[in-house]
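The residues making up each chain are set out below.
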Amino acid sequence: MAVIEGMSEPNPSTAIKVWDPLVRVLHWGLATAFAVAYATGEEIMSVHEVAGYAILVIVSLRLVWGFIGTPYARFADFVRGPGAVRGYLRSLVAGHPEHYVGHNPAGGWMIMALLGGVAVTAVTGILADQSGVSHGTFEELHEVAANGMLLLVLGHIAGVIVGSLAHRENLVRAMITGRKKG
Ligand code: HEM
């Protein structure tokens, strides 16, 4: 993260509030719950289960907020068609990325994949637990989903670093303070 720490702070006179407090709390809550669930998966099952249920609560709240939340939190603001995603990725590769105040079109689909992925992982975990069969189908699905999620999260963090560098803006700080350059 040292690379992006040196980036310029958003100018307070032009910086705008983009991420409302609920978006930020849910984000860091989800990241923490995912890390705890991943770390305790094979060992501390009581903690693992609490983290899994916390993930389901967080994802449910975020889904509702995606329809009724503040403007940049809404899915309508950042879920765009394949043309917009291609256009954004082309502009990124060409070195003059299109600027979006909220999530960019590529990030938007990554977000839907992360939310859908953690939901599937949590639900298959609950079903595996309830089916009571050790090494049943749900348990296998749960493991595949959890490993897939690890890859998605690594891709997400890589995307955040690339986006921060390309737009010369520390996106991690923006997800903490809520402020971005306009
Ligand atoms: C150290 C770990 C992480 C960092 C530094 C990080 C950073 C970020 C940043 C900067 C954004 C905003 C991207 C933008 O400006 O468009 C974001 C969004 C998002 N991240 Fe992460 N993230 C981390 C871990 C995770 C994990 C583990 C998950 C899920 C399992 C996750 C799910 C999401 C979601 C769903 C959003 C969309 C936020 C919203 O609109 O509600 N993140 N993340």
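Attention in this report is confined to the structure presented alongside it. (Residues numbered from 1 in each chain as written. Predicted model: local features only at pLDDT ≥ 70, side-chain atom pairs only at ≥ 80, totals over all residues.)

## Thoughts on the overall build of the protein
Move 1: Secondary structure assignment for the protein yields eight helices and two strands.
Move 2: When the helices and strands of the protein are listed from N to C terminus, the series reads α-β-α-α-α-α-α-α-α-β.
Move 3: The C-alpha atoms of the protein give 18 Å as radius of gyration, which agrees with the globular expectation for 182 residues (16 Å, within 12%).
Move 4: Each of the three principal axes of the protein carries a C-alpha extent, and together these read 55 × 35 × 30 Å. (Helix = DSSP H or I, 4+ residues; strand = E, 2+ residues; numbered from the N terminus. Rg over C-alpha atoms; globule rule 2.2 N^0.38 Å.)

## A few points about the nonpolar core
Move 1: Counting residues in hydrophobic clusters, the biggest one holds twelve residues: Leu-30, Ala-33, Phe-34, Ala-37, Ala-51, Ile-55, Ile-58, Leu-114, Val-118, Ala-122, Ala-146 and Met-149.
Move 2: Looking at this core, the elements that each hand over two or more residues are helix H2 (21-40), helix H3 (45-68), helix H6 (105-131) and helix H7 (137-167).
Move 3: Apart from the residues within four sequence positions on either side, Ala-37 is in contact with His-48, Ala-51, Gly-52 and Ile-55. (Core = buried A, V, L, I, M, F, W, Y, C linked by C-beta atoms within 7 Å. Buried ≥ 20, exposed ≤ 12 C-beta atoms within 10 Å, placed from the backbone. Contact = placed C-beta atoms within 7 Å.)

## Considering unusual backbone geometry
Move 1: Phi is positive for Arg-168, which is not a glycine, with a value near 50°.
Move 2: Locating Arg-168 in the fold gives a position in the loop between H7 and helix H8 (171-177).
Move 3: Taking the number of C-beta atoms within 10 Å as the measure of exposure, Arg-168 has 10 and is therefore exposed.

## Remarks on H2
Move 1: With 20 residues, H2 ought to run about 28 Å at 1.5 Å a step, and its terminal C-alpha atoms sit 28 Å apart, in line with that.
Move 2: For H2, the full list of buried residues reads Leu-30, Ala-33, Phe-34 and Ala-37. Looking straight down H2, one finds that the buried residues subtend no more than 105° of arc, so they occupy a single side. Projecting away from the buried face of H2 at angles above 90 degrees are the exposed residues Pro-21, Trp-28 and Ala-35.
Move 3: Packed against the buried residues of H2 are H3, H6 and H7. (Expected span 1.5 Å × (residues − 1). Arc of directions from axis to C-beta.)

## Topic: the site of the ligand
Move 1: Around the ligand, the surrounding shell holds 22 residues, and the nearest of these are Ala-31, Phe-34, His-103, Leu-171 and Met-175.
Move 2: Of all the secondary structure elements, the ones that give two or more residues to the shell around the ligand are H2, H6, H7 and H8.
Move 3: Its residues placed into classes, the shell around the ligand shows 17 nonpolar, four polar and one charged. (Near = placed C-beta within 6 Å. Nonpolar A, V, L, I, M, F, W, Y, C, P; charged D, E, K, R; others polar.)

## Topic: the environment of Glu-98
Move 1: As for its placement among the helices and strands, Glu-98 is situated in the loop between helix H5 (82-93) and H6.
Move 2: Under the C-beta neighbour-count criterion, Glu-98 is labelled partly exposed, with 14 such atoms within 10 Å.
Move 3: Counting along the chain gives ten residues from Glu-98 to Tyr-88, while the straight-line C-alpha distance between them is 6.1 Å.
Move 4: When sequence neighbours within four positions are dropped, the list of residues in contact with Glu-98 reads Gly-87, Tyr-88 and Ser-91.

## Describing H7
Move 1: Here H7 is 31 residues long and its end C-alpha atoms lie 44 Å apart, about the 45 Å a rise of 1.5 Å per residue gives.
Move 2: Buried within H7 are the following residues: His-142, Ala-146 and Met-149.
Move 3: The inward-facing, buried residues of H7 abut H2 and H6.
Move 4: Of the residues trailing H7, Arg-168 is marked for its positive phi of about 50°.

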